[in-house]
Amino acid sequence: MDTSKKIGIALLGAATYIGLGGLYQVHKFGTTHSRGHNNRQVNREFLEEFDEEARSLEQRLLAKNKECGIEISTDIIVHSRLKSFFDDNGNPNDNSEWTNEVEEALEGLNIYKGLGICFNYEHIIPVYENVLMYGPSLEADDILNSPLLTRHVLLMEDKDPEKTLKKAYYFYRLAGVEQEAVFGFTAHYDGTSSFGKAHWNGSHALVLLSNDTDYNSIVTAHEAGHLFGLDDLEESSWVVNLVLDPFHLFTNLMKQGLTSFSLEKWQIEEIIKNARQRFE
């Protein structure tokens, strides 16, 4: 085979590789950024379902507690917009789909279980969207003296993930409760690029769930990495990724975008060191 044919075959192979990788990325991003249903009326029935489903989720998660060398007591905050996002009004069988998505997202924390670190879930805290709309007979004094309503007001989500995190942080401070880790879950907002936020080397993390279950688990693990003191790694431009690694085979948990569960040795050492210092 002459040189020109070899070059042609090589170029065709490279173009195919990049092209298929590009289609893969479009598919992944398309799934990740797809919209939720948001077509059910948020009324008392909706909120009662949400509360019952949150209790069921709590029982399932509590049953999964396992012993590790390092155990981290963890609370989970769930916002009712999760149900709006995943619960289609035309499908009576997906009422509790949001709980499955939260559970699958938390599976991402199994990467730390492999390092001898367990997040042991203690409470599921449901927060109802616009809860004050469903108590019109309540007087101002009743609202101010109601721990339940106060909790919902203090934990109400915001389109700015940082503000939602701050609300959770101050809620725990005002309540006088110290929890080693707190994960908040809500649904992804259309038009936003953020899928999570965490306080570096802190205790609070927020995950905005999308329709991509695998990505949700990676985001959850990524935000937990920040709790252990890991920084975001610089992400290559999309052009470089498309040419050199279109299928994202050589990436890292702490990179932004489509990532993997891979961690470098120094990152694992940092995680274990910080976990021992803070939680043993």
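Above this text sits the structure in question.
Residues numbered from 1 in each chain as written. Predicted model: local features only at pLDDT ≥ 70, side-chain atom pairs only at ≥ 80, totals over all residues. Heavy atoms only, no water.

## Some remarks on empty space enclosed by the protein
Phase 1: As enumerated under the stated definition, the model contains 1 cavity of 30 Å³ or more in all.
Phase 2: Space inside the largest cavity adds up to approximately 80 Å³.
Phase 3: Around the largest cavity sit 13 residues that line it, and Ile77, Thr164, Ala168, Gly184 and Leu206 are the ones nearest its centre.
Phase 4: In terms of residue count, the dominant contributor to the lining of the largest cavity is helix α8 (residues 161–175) (4 residues).
Phase 5: Residues belonging to the lining of the largest cavity are distributed by class as follows: 8 nonpolar, 4 polar and 1 charged. (1 Å grid on protein atoms, 1.4 Å probe; cavity = no way out; pocket = protein on both sides within 12 Å on 5 of 7 lines; lining within 4 Å. Points joined across faces, edges and corners; volume = space filled by probe spheres on them. Helix = DSSP H or I, 4+ residues; strand = E, 2+ residues; numbered from the N terminus. Nonpolar A, V, L, I, M, F, W, Y, C, P; charged D, E, K, R; others polar.)

## Concerning the layout of surface pockets
Phase 1: Put simply, the largest pocket is a space of about 360 Å³.
Phase 2: In this structure, the largest pocket is lined by 23 residues; those nearest its centre are Phe195, Gly196, His222, Glu223 and Gln256.
Phase 3: Elements that contribute at least two residues to the lining of the largest pocket include exactly α1 (3–32), β4 (196–198) and α9 (213–227).
Phase 4: Per element, the largest residue contribution to the lining of the largest pocket is 6 residues, and it comes from α9.

## Details of the packing of aromatic side chains
Phase 1: All chains considered together, the criterion is met by 11 aromatic pairs.
Phase 2: A centroid spacing of 5.7 Å and a plane angle of 80 degrees characterise the contact between phenylalanine 50 and tyrosine 128, whose relative ring orientation is edge-to-face. In this pair, phenylalanine 50 sits in helix α2 (residues 44–62) while tyrosine 128 sits in the loop between β2 (117–127) and α6 (140–144), placing the two residues 78 residues apart along the sequence. For the pair phenylalanine 50 and tyrosine 128, a shared accessibility class is recorded, and that class is buried.
Phase 3: When the centroid spacing of 5.3 Å and the interplanar angle of 85 degrees are considered together, the rings of phenylalanine 171 and tyrosine 172 count as edge-to-face. No difference in accessibility class separates phenylalanine 171 from tyrosine 172, as the two residues are buried.
Phase 4: Pairwise contacts between aromatic rings join Tyr112, Phe119, Phe183, Phe228 and Phe279 into one cluster.
Phase 5: Positioned over the ring face of tyrosine 189 is arginine 81, at 3.6 Å from the centre of the ring.
Phase 6: Sitting over the ring of phenylalanine 46, lysine 83 keeps its end group 5.5 Å from the ring centre. (Phe/Tyr/Trp six-rings, centres within 6.5 Å; stacked < 30°, edge-to-face > 60°. Buried < 20%, exposed > 50% of the residue type's maximum accessible area, 1.4 Å probe, protein only. Lys NZ or Arg CZ within 6 Å of the ring centre and 35° of its normal.)

## Description of the environment of glutamate 107
Phase 1: If you trace the backbone, glutamate 107 turns up in the loop between α4 (97–106) and α5 (110–113).
Phase 2: Overall, glutamate 107 belongs to the partly exposed group, its relative accessible area being 36%.
Phase 3: As a C-alpha pair, glutamate 107 and alanine 221 span 114 residues in sequence and 8.5 Å in three-dimensional space.

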